[in-house]
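Descriptive structure summary
So you can see what is in the structure, the chains are spelled out below.
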Amino acid sequence: MRWSALPPLNTLLPFEATVRHASMTAAAQELHVTHGAVSRQIQNLERSLGISLFERQTRALRPTPQARQLAAIVRDALDQIDAAARQISHRTPAGPLTLSCEPTLLMRWLIPRLPDLAANVPDVAVHLSAGGGPVFFERDNIDLAIRRDDFPFPEEASRTRLFAERIGPVCRPDLATRLTGAADVSQVALLHTDTRPQAWDDWRRITGMKAEPASQQTLEHFYLTLQAAAAGVGVAIAPYAVARDDLERGQLVAPFGFVPDGTSYHLLSRQSPEQDGRVRQLTAWLRDKTSQLENDSEPV
């Protein structure tokens, strides 16, 4: 046999999934088999290789360095096989793509642009899901996710940068007339969001401006602080992307403009654009639309 050291092939899928999840239970759920079936295949692989691949602890399963090395190679081989099969297959991926997006960006930027998506990418159906934080494609049954890079992305994800995050204070136009400088913020309430409580501190650090408020109020999401700002409750700190349309309509103004905070938004996908035509078309559309966020000279 040409590959004399090759382990049993039917052990490799359960092994790779177990290393990736650090859990036989999660691997079994992903592969739609029993925990016992995964355990037996792992044991078969260990016998074949003559080594232990996992440190078995109470309620924990830790892959050894050798296991991580082998799993990475198996994953690369499976990706190559999958890509080759897609290239020679006559089957075209069908059905909608499930796209997860942070709630405020979804509500304030993406949803208003869905008519443009339908008009320009009519062959791609997209199911939207509100979500933030770490991405789990299998667990959450999603194909793509738009996320800010303030946490580690999955190693297996295909990644496309969309736009840089810019932040700045926003408020109702009549309130802005009282804000000729950052010191004037002491006359109004500052609006915070639970999902990014350090946003005002980040803005102060980046700009060097001191803004000591008369009072402060915290709401759960950016879309709530933006609504409060539009109602005249106070001054909100906001990402440009989610405030852009309100700025354009004149419902909000940005008295001090916007500054990059050092982070960016990315499109993460389970399949690379080269592997799935639907992902390729959606990625191209998102890159075109988000390029406007970087090219805009924002209204103030």
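Residues numbered from 1 in each chain as written. Predicted model: local features only at pLDDT ≥ 70, side-chain atom pairs only at ≥ 80, totals over all residues. Heavy atoms only, no water.

1. Describing the nonpolar core
- Core analysis: the biggest nonpolar cluster contains 37 residues, and Leu 105, Leu 110, Ile 146, Val 170, Leu 247 and Leu 286 have the highest contact counts within it.
- Membership of the second largest hydrophobic core comes to 16 residues, among which are Ala 27, Val 38, Phe 54 and Ala 71. (Core = buried A, V, L, I, M, F, W, Y, C linked by side-chain atoms within 4.5 Å. Buried < 20%, exposed > 50% of the residue type's maximum accessible area, 1.4 Å probe, protein only.)

2. Things to note about the side chain of Arg 148
- Take Arg 148: it is sitting in strand E5 (residues 144-148).
- Given a relative accessible area of 7%, Arg 148 falls into the buried group.
- Of the polar contacts made by the side chain of Arg 148, one reaches the side chain of Thr 263; its length is 3.3 Å. (Helix = DSSP H or I, 4+ residues; strand = E, 2+ residues; numbered from the N terminus. Polar contact = N/O pair within 3.5 Å; in protein donor to acceptor, adjacent residues only side chain to side chain.)

3. As for the pattern of salt bridges
- Taken as a whole and judged by the stated rule, the model has 22 salt bridges.
- Among the salt bridges present, the one from Asp 174 reaches Arg 172, with a minimum N-O distance of 2.9 Å.
- A salt bridge links Arg 205 to Asp 202; the shortest N-O distance between them is 3.5 Å. With a gap of three residues between them, Arg 205 and Asp 202 both fall in helix H9 (residues 199-207), about one helical turn apart.
- Residue Asp 202 is classed as buried on the basis of its relative accessible area, which comes to 16%.
- By sharing partners, the salt bridges in this structure join Arg 148, Asp 150, Glu 165, Arg 196 and Asp 261 into a single network. (Salt bridge = Lys/Arg side-chain N within 4 Å of Asp/Glu carboxyl O.)

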